[in-house]
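Each chain, written out:
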Amino acid sequence: MKQFFLFLLCFALATTGFAQPLQSDILLLGTFHFNNPGGDVAKTKTFDVMTPKVQAELENIVKKISVFHPNKIFVEWPWNEQQELDVLYEAYLGGNYEQYINATYPKPSKRDFYLKSEIIQLAFRAGKKAKLTRIHAIDYKKTSFPFDSVMKAMQTAKQVALMQQAQEASKRYETSQNKKLETYTLTQLLLDANTKEKLVLEKALYIDILNRAGTTDNFAGAFLVSEWYRRNLYMYSIVQKTMTPQDSKALVLVGASHAAMMQEFIALDQQFRLKELKDVLK
């Protein structure tokens with residue numbers, strides 16, 4: 001243990017003695033899922049991104065992102081299915097992705113899932129405009145999210161107030177987000193999701209509520225929170241390891257709750273600097 005602390009001290013002294021490395025700008029874009037698969041705990045309404053009005057808005061958003069000139073784009077797609085993403089993106093660049101999706105995914109629900117996805121509708125458009133040959137997959141799903149076990153742990157521990165707090169937080173989010181989905185434009189929705197205040201609220205649920213769940217000898221809540229951190233740390237590590245010194249800018253497109261975690265990681269990372277969406281879409 002003593003040697004470990006000595007190592008940390010030496011590392012701190014060594015890093016402060018040299019010039020800081022050049023920082024790459026990371027445009028962190030947290031979003032709701034355009035295809036809304038219904039996999040989240042909070043249930044929200046759908047937002048039709050295929051209307052002519054929203055399609056025109058997407059073109060404008062992507063045009064402004066292209067001015068940012070990302071060298072790489074990262075998306076919430078399973079990291080171990082990069083090859084499938086490559087094939088899909090290649091079909092998109094070739095202008096025949098709809099035919100490819102129709103042939104590959106015969107079920108209407110699956111076709112709809114891909115056609116409306118923010119990965120195609122936003123990331124692929126931005127990648128094509130930036131003349132990128134690859135979109136990078138970073139999602140890591142080999143984690144556990146035992147929400148039912150956490151609620152059961154609260155019940156066993158007689159944490160009635162905490163259970164009510166969790167339910168009310170979920171309900172408030174559903175009500176607020178559904179109202180916004182009905183009245184906001186896509187640009188307004190994205191800007192709202194990426195304010196610093198909103199990103200802090202996205203992760204507050206984990207520490208302020210879920211981490212408290214259970215008795216002192218039951219760590220169901222802390223386990224869920226640690227798994228959520230682990231998933232996001234693994235995702236972020238792919239960004240770190242994929243970026244090269246030649247990459248001055250990147251776009252990271254993920255769900256808003258992932259973006260909330262990555263905002264924290266970027267703040268602690270000497271090699272990256274956060275580029276806010278409001279500064280790109282102004």
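Residue positions are given per chain, counting from 1 as you read along its sequence in written order. For this predicted model, a pLDDT threshold of at least 70 governs which residues receive local features, and a threshold of 80 or more governs which side-chain atom pairs are given and counted, while totals over whole chains, interfaces and linings are taken from all residues. Side-chain measures here rest on the full set of heavy atoms in the structure, leaving out hydrogens and waters.

**Q** What's the story with the pattern of salt bridges in this structure? I'm lost.
**A** A side chain of one charge can pair with a side chain of the opposite charge if their charged atoms are brought near each other. A side-chain nitrogen of Lys or Arg and a carboxyl oxygen of Asp or Glu constitute a salt bridge if their distance falls within 4 Å. Evaluated as defined, the whole model comprises 14 salt bridges. A salt bridge links arginine 231 to aspartate 139, with the shortest nitrogen-to-oxygen separation between them at 3.0 Å. Separated by 92 residues along the polypeptide, arginine 231 in helix H11 (residues 220–242) and aspartate 139 in strand E3 (residues 136–139) bring together distant segments of the chain. For the pair shown, arginine 231 and aspartate 139 are each scored as buried. Numbered from the N terminus, helices here are DSSP runs of H or I no shorter than four residues, and strands are runs of E no shorter than two. Buried residues are those whose accessible area, probed at 1.4 Å on protein chains only, stays under 20% of the maximum for their type, while exposed residues exceed 50% and partly exposed ones sit between those limits.

**Q** Hey, could you run me through helix H10 (residues 196–209) in this one?
**A** Note that an α-helix has 3.6 residues per turn; residues three or four places apart therefore point the same way. For H10, built from 14 residues, the straight-helix expectation of 20 Å at 1.5 Å per residue is met to within 8% by its first-to-last C-alpha distance of 20 Å. Contacts: residue pairs with any heavy atoms within 4.5 Å of one another. Where H10 is buried, its residues touch helix H7 (147–156), helix H8 (160–183), helix H9 (186–193), H11 and helix H12 (256–267). To estimate how far a helix should reach, multiply one less than its number of residues by 1.5 Å.

**Q** Explanation requested: the sheet that holds strand E2 (residues 72–78) in the structure shown.
**A** Paired through backbone hydrogen bonds, the strands of a sheet run either parallel or antiparallel to each other. Whether two strands pair comes down to DSSP finding at least two bridges between them. Taken together, five strands build an open sheet; the order of strands is E3-E2-E4-E1-E5 and the sheet is parallel. Of all strands in the sheet, those with a lone pairing partner are E3 and strand E5 (272–275), marking the two edges. For this sheet the average axis-to-axis angle between neighbouring strands, irrespective of direction, equals 35 degrees. By the bridge criterion, three bridges tie E2 to E3 in an arrangement that is parallel. Helix axes are fitted only over the stretch in contact, all axes being lines through C-alpha atoms; the angle between N-to-C directions runs from 0 to 180 degrees.

**Q** Would you explain the pairing of E2 in this entry?
**A** A regular strand places its side chains so that they alternate between the two faces of the sheet. Judged by how many residues are buried, E2 sits mostly within the fold: seven of seven residues are covered. The pairing of E2 with strand E4 (residues 249–255) spans four bridges and is classified as parallel. Bridging from a neighbouring strand, lysine 72 pairs with alanine 250 of E4.

**Q** What exactly am I supposed to notice about the packing of H11 against H12 here?
**A** A pair of packed helices is captured by two measures, namely the crossing angle of their axes and the spacing between those axes. Between H11 and H12, the shortest axis-to-axis distance is 10 Å and the interhelical angle comes to 65 degrees. If you check the angle between H11 and H12, you find them roughly perpendicular. In the crossing of H11 with H12, the sense of the turn from one axis to the other is right-handed. Of the residues in H12, those touching H11 at Trp228, Tyr229, Arg231, Asn232, Leu233, Met235 and Tyr236 are Ser257, His258, Met261, Met262, Glu264, Phe265 and Ile266. When the residues that make up the contact of H11 with H12 are grouped by side-chain class, the tally is nine nonpolar, three polar and two charged. Roughly parallel refers to an angle under 35 degrees, roughly antiparallel to one over 145, roughly perpendicular to one between 65 and 115, and oblique to any angle outside these ranges. Handedness of a crossing is defined here by the sense of rotation of the near helix relative to the far one, left-handed for an anticlockwise turn of less than a right angle and right-handed for a clockwise turn. Charged residues are taken to be Asp, Glu, Lys and Arg, nonpolar residues to be Ala, Val, Leu, Ile, Met, Phe, Trp, Tyr, Cys and Pro, and polar residues to be all remaining types, Gly included.

**Q** Could you clarify how one ought to interpret the environment of lysine 64 in this entry?
**A** Locating lysine 64 in the fold gives a position in helix H2 (residues 52–68). Lysine 64 sits in the partly exposed class, given a relative accessible area of 25%. What qualifies as a polar contact is a pair of N or O atoms within 3.5 Å, subject to a donor-acceptor requirement within protein and to the restriction that residues adjacent in sequence count only when both atoms come from side chains. At a separation of 3.1 Å, a polar atom in the side chain of lysine 64 contacts the main-chain carbonyl oxygen of leucine 281.

**Q** Teacher, can you tell me more about the packing of aromatic side chains here?
**A** How two aromatic rings sit relative to each other is given by the distance of their centres and the angle of their planes. For this analysis, a ring pair means two rings from Phe, Tyr or Trp (six-membered ring only for Trp) whose centres lie within 6.5 Å, classed as stacked if their planes differ by under 30 degrees, edge-to-face if by over 60, and tilted for the remaining angles. The final tally for this structure, using the stated rule, is 14 aromatic pairs. Consider the rings of phenylalanine 32 and phenylalanine 47, whose centres lie 5.7 Å apart with planes at 75 degrees: the pair is edge-to-face. Of this pair, phenylalanine 32 sits in the loop between strand E1 (24–31) and H2 while phenylalanine 47 sits in the loop between E1 and H2, and the two are 15 residues apart along the sequence. Given a relative accessible area of 16%, phenylalanine 32 falls into the buried group. For phenylalanine 47, a relative accessible area of 11% gives the class buried.

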